[in-house]
Every structure is written in C-alpha cells, then in structure tokens.
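Structural overview for review
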Amino acid sequence: MNIAISSDHGGNTLRKEIGTLLEELGHQVTDFGPQTKDSVDYPDYAKPVCEGVAAGEFDSGILVCGTGIGMSIAANKYKGIRCALVHDVFSAKMTKCHNNSNILAMGERVIGAGLAREIVTTWLANEFEGGRHETRINKIAQIESTN
C-alpha cells in the first residue's frame, strides 16, 4: 500500500516509529511531518495527507499529534475523508470493518509505541465489510455533498 503519514510537533516521535513499522511491513511511505521539534500547527500538517488520500494519490493515511484529537478534527473537514481517532486495537479493527476509515489518527501523549504498532497493524490488516455499513457510509457522503 501507498500510505501518507504526518504529525505536528507533539507526534514527531510516534510518527517516525509508525513510518518504520510501515516500511518493515513492505508499504510505501510518504512522510509529510515536520523534521524539527519546533511548534507547528496541526491543520497544516494534516492537509497534504488528507488531500492526497481524497485524491486517490495514497491508499490511506496516518496522522499523529499529542492527543490525536486536533488531527482527527482537521482531517474530517476534508470531503471524502473518514478519519478515526483510535487508541485501542478493537476500535482500530471496527473503524476499518464498519466505517471504512481511510485515515487513522492517534495521540503520542496518550499511547505508547508498542500499542500504536498493534493499532496500525490491525487497522491495515482488516477490510471494509460493506453490506449494511455501505449504506451508512453513503449517508455520510450525502451529508458531505450538501454542506
């Protein structure tokens, strides 16, 4: 898979850990995150991931900030993005299977690298189930098209 990742300053360390994991798993990774620890604005760093995923340039994206909250809010403002803030393995599975999330958000100050690796691996290993869930995803798309 071709996966875009990014973070703000609060997610730098975890973003790099996730990038390493993705490469170990054989994925192509494009990293849009800051290269310093200087304070940056998370919407600026969510933007290239969200625009790339929405345009089909990337199969999926992963965003990290201190809590994951800011990144997930910013990401969900983009048409076609279904970003889920996840801090446990069960939610990682369900957001892919039921919500067809195309971007995963996590918080470096909330979870450690070991759990983040499990979350990412689980999220990537699962697939959207479709069926009744497809109807719900279509309703979300309808909301997007009217706002």
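Residues numbered from 1 in each chain as written. Predicted model: local features only at pLDDT ≥ 70, side-chain atom pairs only at ≥ 80, totals over all residues. Heavy atoms only, no water.

1. Things to note about the state of the cysteines
Simply put, disulfide is the name for a covalent bond between the sulfur atoms of two cysteines. Heads up, the condition is: Note on terminology: disulfide denotes any pair of cysteine sulfur atoms within 2.5 Å. Burial status follows relative accessibility: with a 1.4 Å probe on protein chains alone, a residue under 20% of its type maximum counts as buried, one over 50% as exposed, and anything between as partly exposed.
What the rule picks out here adds up to zero disulfides. Looking at Cys50, it has no disulfide partner, and the nearest cysteine sulfur is the one in Cys83, 6.7 Å off. Of all cysteine sulfurs in the structure, the one in Cys83 sits closest to Cys97, which takes part in no disulfide; the separation is 17 Å. A relative accessible area of 4% places Cys97 in the buried class.

2. Observations concerning the sheet that holds strand S5 (residues 103–107)
Backbone-to-backbone hydrogen bonds join strands into a sheet, with any given pair of strands oriented parallel or antiparallel. Under the convention used in this document: DSSP bridges decide pairing: two strands pair if at least two such bridges lie between them. To qualify as a helix, a DSSP run of H or I must reach at least 4 residues; to qualify as a strand, a run of E must reach at least 2; elements of each kind are numbered from the N terminus. Note on geometry: axes are C-alpha line fits, over the in-contact stretch for helices, and angles between N-to-C directions span 0 to 180 degrees. Whether two residues touch is decided by their heavy atoms; if any such pair falls within 4.5 Å, the residues are in contact.
Pairing in this open sheet of five strands is parallel, and the strands run S2-S1-S3-S5-S4 from one edge to the other. The open sheet terminates on both sides in strands that have one partner only, identified here as strand S2 (28–31) and strand S4 (83–85). Within this sheet the neighbouring strands show an average axis-to-axis angle of 20 degrees, counted without direction. Direction of pairing for strand S1 (residues 2–7) relative to strand S3 (residues 60–65): parallel, over a ladder of five bridges. Across the sheet, residue Ile5 finds its bridge partner in S3, namely Ile62. Contacts from helix H1 (residues 12–24) reach S1, S2, S3 and S5, with the element oriented near 165 degrees to S1.

3. Here we look at the nonpolar core
Quick reminder of the rule: To qualify as a nonpolar core, a set must consist of buried Ala, Val, Leu, Ile, Met, Phe, Trp, Tyr and Cys residues joined through side-chain atoms within 4.5 Å.
Of all hydrophobic cores here, the largest spans 19 residues; its most connected members are Ile18, Leu22, Ile62, Leu104, Met106, Ile119 and Val120. Among the elements of the structure, S1, H1, S3, S5 and helix H5 (113–125) are those that each provide at least two residues to this core. In terms of residue count, H5 provides more of this core than any other element does, five residues in total. In contact with Leu104, other than residues within four places in its own chain, are Gly61, Ile62, Leu63, Cys83, Ala84, Val86, Ile119, Val120 and Trp123. Counting 15 residues, the second largest nonpolar core, distinct from the first, contains Ala4, Met71, Ala74 and Ile81.

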